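Below, each chain spelled out in residue letters.
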Amino acid sequence: MARKKRKIQEPELPVNDPKKKTVYRDSFQEGASAKIEDFGKRFEGKGRTILYAVAALAVIIALIGIYYAWNRRSNAAAQAALGRAIQTSQAVVAATQPPGATVKSFPTEEARAQAAIAQFQEVVDKYGSPYEEKAKYFIAVNKLRIKRAEAVQELEALSQLSGEVGALSKFSLAQAKTDEGQLDQAAALYQELAGMDKPVVAKETINFELARIYEKQGKTAEAADLYFNIAKAAAEAKDLEGNAVPINQTAREAKEKLQELNPERAKELPETAPEPGLPFGM
């Protein structure tokens, strides 16, 4: 017959014993302590290293949770601030505030740009990546109207970045170079963008802008090829059910350009789906 084990009760320390300390724990600490004790029973006799590792892991998990909670709040605030600045950059330009307008209007485009730049700068000062880079891009674009040389330098720097901001900066820089008559540089930028697998700007838009430069450079054949490819791809596009879809504005303009440059080549384009309100395709 098995002998009954006696339960040994450890003597309590007197209240005034200096060895007895009051420990304050929050709910996370209590949960972490329970986990550590459970692991301690499993690995009893294997030293304190595992216990220390588990305790450290519990702290790391807590810090990660705190970080993500803060990050969500920070992201929401950054997005809201960026949205307000974009709204300002697109505000109405009018001598007087339109009746019933909920968004402030500005007397000139320059005044609107300055107000938007100030708001975008707040995003740069308060928030990190990726909002900082996006705000810097919008600052450069708005500066094109008031400090063009400085804006072009900023776009050149941003165009070296990878991802969305780099691609958008390169596209805006190409437009600025075109306006300044630097057609070779603009064409090189558009060619880089067209060569990307997943450009932020639609490829047909990039190729349309490149074709316009070729026209200005007297490269009629190259321009016609691009216009033809844009219009042909749009004419052959299908929806999810396999039906032809109406061509968009860019493709329509490309078709018109092709008809001007090479009417015979334009005849090779397939028929397009009828546009809303029109009985026949164009």
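What counts, and where the lines are drawn
Residues numbered from 1 in each chain as written. Predicted model: local features only at pLDDT ≥ 70, side-chain atom pairs only at ≥ 80, totals over all residues. Heavy atoms only, no water. Helix = DSSP H or I, 4+ residues; strand = E, 2+ residues; numbered from the N terminus. Buried < 20%, exposed > 50% of the residue type's maximum accessible area, 1.4 Å probe, protein only. Contact = heavy atoms within 4.5 Å. Areas by Shrake-Rupley, 256 points an atom, 1.4 Å probe, with all protein chains shown as cover. Expected span 1.5 Å × (residues − 1). Phe/Tyr/Trp six-rings, centres within 6.5 Å; stacked < 30°, edge-to-face > 60°. Lys NZ or Arg CZ within 6 Å of the ring centre and 35° of its normal.

**Considerations on the overall build of the chain**
Then, number 1: Each helix and strand in the chain was counted, giving eleven helices and zero strands.
Then, number 2: For the chain, the sequential pattern of α-helices and β-strands runs α-α-α-α-α-α-α-α-α-α-α.
Then, number 3: Sorting the 282 residues of the chain into buried and exposed places 32% on the buried side.
Then, number 4: Contacts in the chain between residues at least 24 apart in sequence constitute 44% of all its contacts with a sequence separation of at least 6.
Then, number 5: Surface accessibility of the chain: about 19200 Å² in total, with carbon and sulfur atoms responsible for 53%.

**Things to note about helix H4 (residues 131-143)**
Then, number 1: Here H4 contains 13 residues, and its C-alpha end-to-end distance of 18 Å stays within 8% of the 18 Å for a straight helix at 1.5 Å per residue.
Then, number 2: Buried within H4 are the following residues: Tyr131, Ala135, Tyr137, Ile139, Ala140, Asn142 and Lys143.

**Focus: the packing of aromatic side chains**
Then, number 1: Applying the stated criterion to the full structure yields four aromatic pairs.
Then, number 2: Centroid distance Phe171 to Tyr190: 5.8 Å. Interplanar angle 70°. Geometry classified as edge-to-face. Highlighted residues: Phe171 in helix H6 (residues 163-179) and Tyr190 in helix H7 (residues 183-194), separated in sequence by 19 residues. Side by side, Phe171 and Tyr190 carry an identical accessibility label, which is buried.
Then, number 3: An aromatic cluster is defined as three or more aromatic residues linked by ring pairs; in this entry it consists of Phe120, Tyr137 and Phe138.
Then, number 4: Taking the ring centre of Phe228 as reference, the NZ or CZ of Arg265 above it sits at 4.1 Å.

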